[in-house]
Amino acid sequence: MSQVTPENTTRTQRQLLLVVGLIVVLAIGPTLFAVADVLGRPPDSVGDGATFVALTFMTALGTIVKSPIRIRSTTHAITWIEAAIVIGLAVAPPAWVVLATGTGVGIASAVMKLPAIKTAFGVSKNILVAGGASAIAVAVHWQWPPVGLAELVTLLAAIYLVAALLDDLLVIALASGTRISRQFLNNLDLRLAGFGVRFVVALCTLLILRADPRLLLAVPPLMLSLHLAYSARIRGRTEQQAWQRLARTTDALNVVDLDNVLTTAVTQAAELFSADEVEIELRDGGRTVRGGTGGITFDGPTGTPTDIDGTVVPAPLEGHDRSVDVGTLRLRFRGPVQLSEREQYTLRTFASALCTAVRNAQAYAELARAADEHAYAAAHDALTGLANRRHLLDKGTEQLSGRHADGVTALVLIDLNHFKEVNDTLGHAAGDQVLVQVAERLRGAAQGSDLVARLGGDEFAVLLRGLPAPAVAAHRAETLLAALHEPFELDGMRISVEASGGISVAPASGGVVELLRRADVAMYQAKRAGQRISTYAPARDTADLGRLTLGGELPRAVADHEFVVNFQPIVDLGTGEVTSAEALARWHHPNHGMIDPLRFLEAVERSGLLPAFAEAILDQALIAAAGWRDAGFDVPVAVNVSPRSLLDARFPGSVLARLRAHDLPPDRLVLELTETLTLSQLDVVDRVLSRLRDEGVRLALDDFGTGYSSLSLLSRIPVHELKIDRSFVTTMESSAEAAAVIRSTLDLGRSLDLDVVAEGVESEPQRRALWELGCTAGQGHLFARPMPAGTLLAALQRGSGGRPGTLAPPLHDAGAVIRLTQNRRPGGRSRPDRLPHLPA
């Protein structure tokens, strides 16, 4: 940001005074020369005296009749003086013209009551113009009357060109601090037209003098008419340029950073209104900024005085309806200034646009602040301030993607032994204090590159990054557990807490989830062996060997239809009515029984069987939805989608074909997306999602709440629904941060017209608290655990309290429920919020 200091402004004023002084000094030369010439050859008749008086009068009239142009607090004028000078050179000696010019300008300045410095500047400037024109007249041997018309035109053009250049370019450019080249190009067409008009008037006047001096009576009306026409054209051009500058200025205010808005407003307003200083005072925060065309000179608290004295033109920063007032805009001028009616309207328009820009910038800043708080709450444990499980998974994934360059990555999982006894004996408040102290000790024992996290309950994890060798992980784990060896101080008591730790080094595949699983295996190996720390050993990991076995059985499982789907209903929190159901995939293994998807989904995605698996799950979900509809319960079904499926251009066609095969409208299907989608992947999946949405399939964003990633996804993916992660619902009654995240998610859903579903509703207090916050839909064990399609149909038919289609009693009596959020779908059911598990 460029800064214009008060010292720079004072220096500019001194330079301007020096320029005026220089012009006065330069004018002394032509004046002395003219006085000496007149004294040497004084007027010798009444006619000569009349001529001098006529020249003086003509110069004074040319000074008074002018077209004003304001530059900051100084008004410069385009006058007819050069025409009077050129005409004077035809009828009087050059010295007379110089003295008559100075005398006439002085008289006109006295009549207009100009300040002394402006009078000195005007007299000196025009003496220089007259002197320059006289010098050219002498140089070209100007004599009156000329021999022929061609000679008259040629000599007059040379004299007039010098006079016009001196009058309209050099002096105004110096006085306004503008470069001569820029001054020359500014309004060049109007200047050329003005030069031409005044030249023609001077030429016609001389021709009249040559023919019959009595015809000069017609010259003043002609000059006045031309002057009025030229002045009107100047005003029209000035207004046109002013509106164009206003349009450019308001466009420049369309930025979301408040500092940029204020800087742009100050610099543009200073140029738009030719103000010496522009001040913006904001009511919120008591902030004031000042500056000029060069940038901001002050940015601080309201009430600090300014160095600029003179005219102040205020304008309130309010909307067109005057319902909002965010502050005041002030234009300051060093001298007396009266804005024209057009400038006053422009100022009001500019102030209204600035008001809108400031409000937008302030709203964006508030949204960014809320997003920061949301992101922090979503990534940190509310009790200890440590990273939570999600943050650990994100950072672990990021670390593992570049671990070859950064060294070895390892994870230490720490579990407090017999911590339940602390809670049972001393209470949960005391247990929370112990957890906070454990977090502080682990944070203190960890190194700067480590990430300490609380996974939940009494379980902690430390991500070790950039290790020189795998063996170093064991030494670092010993240091972490040693920090917990000393007893904890708790309300005057000393409590000893034992802990067990498991270590795993980053595997070649499987990612951070596998790293965490292996550390968990190692920790329980340590507990069983009575050791404090154990390092993961693949040979003792029966679960891992079983996973490899399951991976080899996937082709048979797909062919034999061993994958089945259970459904967990989503319920209207107010009425207890089922609004949709989420499909959850399970593997019904002939030997191992029902297998959770966490054990096989990753293998499915790597195996190449993802399309077949996804189609099988989607088919079962749609068959269930069709069966419920035929039984009288039009319940949409939600299916989770693997990010890899969205990279397949054939996926939308497959989904739509399955919908047609089961005779289901597209809006009866909700596809649930995860926040693991990256922005780079979004470029690929845009076409897939757009086609599905255009066909009527609904989209939902699952486990919403990771802050910027969520906001980024919302700006790119046109979803219909948001799902609040169960971790926030679980802790909402004890954590103000979790409640704030839920509230902000609901506010966001309302502002974007999105449905919001709360996951993990386990109790009636949670249900009621969510309802009172404005959440109208939820799912969890309070209503039903995942169940087969037939079991869910039977539950719908049985209903709650004799009300088919419900799984819980209403929170209020019939007719007492006031719907505050979320639109209702045709048919009386809320829009669905949860999706089934379609991993590809």
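Residues numbered from 1 in each chain as written. Predicted model: local features only at pLDDT ≥ 70, side-chain atom pairs only at ≥ 80, totals over all residues. Heavy atoms only, no water.

Caption draft 1: Examining the overall build of the protein more closely. Looking only at helices and strands, the protein has 28 helices and 24 strands in total. Buried positions account for 48% of the 840 residues belonging to the protein. Of the roughly 38700 Å² of accessible surface on the protein, 58% is carried by carbon and sulfur atoms. (Helix = DSSP H or I, 4+ residues; strand = E, 2+ residues; numbered from the N terminus. Buried < 20%, exposed > 50% of the residue type's maximum accessible area, 1.4 Å probe, protein only. Areas by Shrake-Rupley, 256 points an atom, 1.4 Å probe, with all protein chains shown as cover.)

Caption draft 2: Geometry of the pattern of salt bridges. Inspection of every chain in the model, using the stated rule, returns 33 salt bridges. Close ionic contact of E562 with R556 constitutes a salt bridge, the shortest N to O distance being 2.9 Å. Sharing partners across several salt bridges, the network here consists of E277, E279, E281, R290, R330 and R332. (Salt bridge = Lys/Arg side-chain N within 4 Å of Asp/Glu carboxyl O.)

Caption draft 3: Spatial organisation of the pairing of strand β18 (residues 637–641). Of all the 5 residues making up β18, 5 are buried; the element is thus mostly covered by neighbouring parts of the structure. With burial as the criterion, each face of β18 is covered, one bearing V637, V639 and V641 and the other bearing A638 and N640. By the bridge criterion, 2 bridges tie β18 to strand β19 (residues 669–673) in an arrangement that is parallel. Note on β19: the bridge partner recorded for A638 is V670. Crossover handedness for the path β18 to helix α22 (residues 651–661) to β19: right-handed. (Pairing = 2+ DSSP bridges. Right-handed = clockwise from strand over helix to strand, strands pointing away.)

Caption draft 4: Seen up close, the packing of helix α21 (residues 610–630) against α22. Running from amino to carboxyl end, α21 crosses α22 at an angle of 30°, the nearest separation of the two axes being 10 Å. On the basis of the axis angle, α21 is roughly parallel to α22. Pair α21 / α22 crosses with right-handed handedness. Only S654, V655, R658 and L659 of α22 make contact with α21, whose side of the interface consists of E615, L618, D619 and L622. Residue classes in the contact of α21 with α22 are distributed as 4 nonpolar, 1 polar and 3 charged. (Axes fitted to C-alpha atoms, helices over the stretch in contact; angles between N-to-C directions. Parallel < 35°, antiparallel > 145°, perpendicular 65-115°, else oblique. Left-handed = near helix turned anticlockwise from the far one by under 90°. Contact = heavy atoms within 4.5 Å. Nonpolar A, V, L, I, M, F, W, Y, C, P; charged D, E, K, R; others polar.)

Caption draft 5: Representation of the sheet that holds strand β10 (residues 459–467) in the model. Strand order in this open sheet of 5 strands is β9-β10-β8-β13-β14, and the pairing throughout is mixed. At either margin of the open sheet sits one strand with a lone partner, and together these are β9 (451–456) and β14 (533–535). Between one strand axis and the next, the sheet turns through 20° on average, direction left out of account.

Caption draft 6: View of the nonpolar core. Counting 80 residues, the largest nonpolar core has F567, W628, L669, L671, V719 and L770 as its most contacted members. Ranked by the residues each element gives to this core, the list is headed by α21, at 9 residues. Look past the residues within four positions of V719 in its chain and what remains in contact with it is L673, R693, L699, A700, L701, L714 and L754. Ranked by size, the runner-up nonpolar core spans 34 residues in total, among them L262, V266, A270 and F350. (Core = buried A, V, L, I, M, F, W, Y, C linked by side-chain atoms within 4.5 Å.)

Caption draft 7: Looking closely at the packing of aromatic side chains. Scanning the model with the defined rule gives 4 aromatic pairs in all. Between the aromatic rings of F567 and W628, the centroid separation amounts to 5.1 Å while the plane-to-plane angle is 80°, which identifies the pairing as edge-to-face. Of the two residues, F567 sits in strand β15 (residues 563–572) while W628 sits in helix α21, which places them 61 residues apart along the sequence. Of the two residues examined, F567 and W628, each falls in the buried class. Feature note: the residues F563, W587 and F613 constitute an aromatic cluster, connected by ring pairs. Its guanidinium or amino end placed over the ring of F298, R290 lies 4.7 Å from that ring's centre, counting from NZ or CZ. If you follow R441 out to its NZ or CZ, it ends over the ring of F488, 3.9 Å from the centre. (Phe/Tyr/Trp six-rings, centres within 6.5 Å; stacked < 30°, edge-to-face > 60°. Lys NZ or Arg CZ within 6 Å of the ring centre and 35° of its normal.)

Caption draft 8: Helix α3 (residues 81–91), seen in detail. In terms of burial, α3 is a largely internal element, 10 of the 11 residues being buried. Those residues of α3 that fall on the buried side of the exposure criterion are I81, E82, A83, A84, I85, V86, I87, G88, L89 and A90.

Caption draft 9: Seen up close, unusual backbone geometry. The backbone phi angle of D491 is positive, close to 50°, even though this residue is not glycine. Tracing the backbone shows D491 in the loop between β11 (488–490) and β12 (493–495). Although it is not a glycine, H561 adopts a positive phi angle of roughly 60°. One can find H561 in the loop between α19 (554–559) and β15.

Caption draft 10: Up close: the environment of V436. Note on placement: V436 falls in helix α15 (residues 428–445). Along the backbone, V436 and L386 are 50 residues apart, and their C-alpha atoms lie at a distance of 9.4 Å. Discounting residues that sit within four places of it in the chain, V436 has contacts with L383 and T384.

Caption draft 11: How the structure looks around the side chain of E553. Within the secondary structure, E553 is located in the loop between α18 (542–552) and α19. R556 provides the closest opposite charge to the buried, unpaired E553, separated from it by 4.0 Å. Among all residues touching E553, those that are not within four sequence positions of it are W587 and H589. (Lys, Arg positive; Asp, Glu negative; His and termini not counted.)

Caption draft 12: Geometry of the pairing of strand β21 (residues 721–724). Both faces of β21 are covered, namely the face carrying E721 and K723 and the face carrying L722 and I724. Two elements, strand β20 (residues 698–704) and β21, share 3 bridges in a ladder whose sense is parallel. Among the inter-strand pairings, F704 is bridged to a residue of β21, identified as I724. Here β21 runs beside strand β22 (residues 755–758); their pairing, made up of 4 bridges, is parallel. Bridging across to β22, K723 finds its partner in V757.

Caption draft 13: Fine view of the side chain of N126. Looking at the element boundaries, N126 is found in helix α5 (residues 116–139). Among the residues examined, N126 registers a relative accessible area of 2% and is labelled buried. Here G122 takes part through its backbone oxygen, which lies 2.7 Å from a polar atom of the side chain of N126. (Polar contact = N/O pair within 3.5 Å; in protein donor to acceptor, adjacent residues only side chain to side chain.)

Caption draft 14: Fine view of the sheet that holds strand β5 (residues 295–301). With antiparallel pairing, the 5 strands of this open sheet are ordered in space as β5-β4-β3-β7-β6. Strands at the two margins of the open sheet, each flanked by one partner only, are β5 and β6 (311–318). Neighbour-to-neighbour, the strand axes of the sheet open up by a mean angle of 15°, direction not taken into account. When β6 meets strand β7 (residues 325–333), the two strands line up antiparallel, connected through 8 bridges. Bridged to P316 within β7 is T328. Helix α10 (residues 258–272) contacts β3 (277–282), β4 (287–292) and β5 of the sheet and is inclined by roughly 40° relative to β4.

Caption draft 15: Just helix α16 (residues 472–482), in detail. Those residues of α16 that sit buried are A473, R476, A477, L480 and L481. Projection of α16 onto a plane perpendicular to its axis shows the buried side chains occupying an angular sector of 135°, all on one side. (Arc of directions from axis to C-beta.)

Caption draft 16: Looking closely at the environment of A471. Examined against the element boundaries, A471 turns out to sit in the loop between β10 and α16. The exposed category is assigned to A471, whose relative accessible area is 53%.

Caption draft 17: Expanded view of the confidence of the model for the protein. Mean pLDDT for the protein: 78, with 74% of residues reaching 70 or above. Of all secondary-structure elements in the protein, the lowest mean pLDDT belongs to strand β24 (residues 836–838), at 37, while strand β23 (residues 777–778) reaches the highest, 96. Across residues 71–76, confidence stays below pLDDT 50; counting only partners more than four residues off in sequence or on other chains, it has 24 contacts. Throughout residues 815–840 the model reports pLDDT below 50, and contacts reaching past four residues in sequence, or to other chains, amount to 126 contacts. (pLDDT = per-residue confidence, 0-100.)

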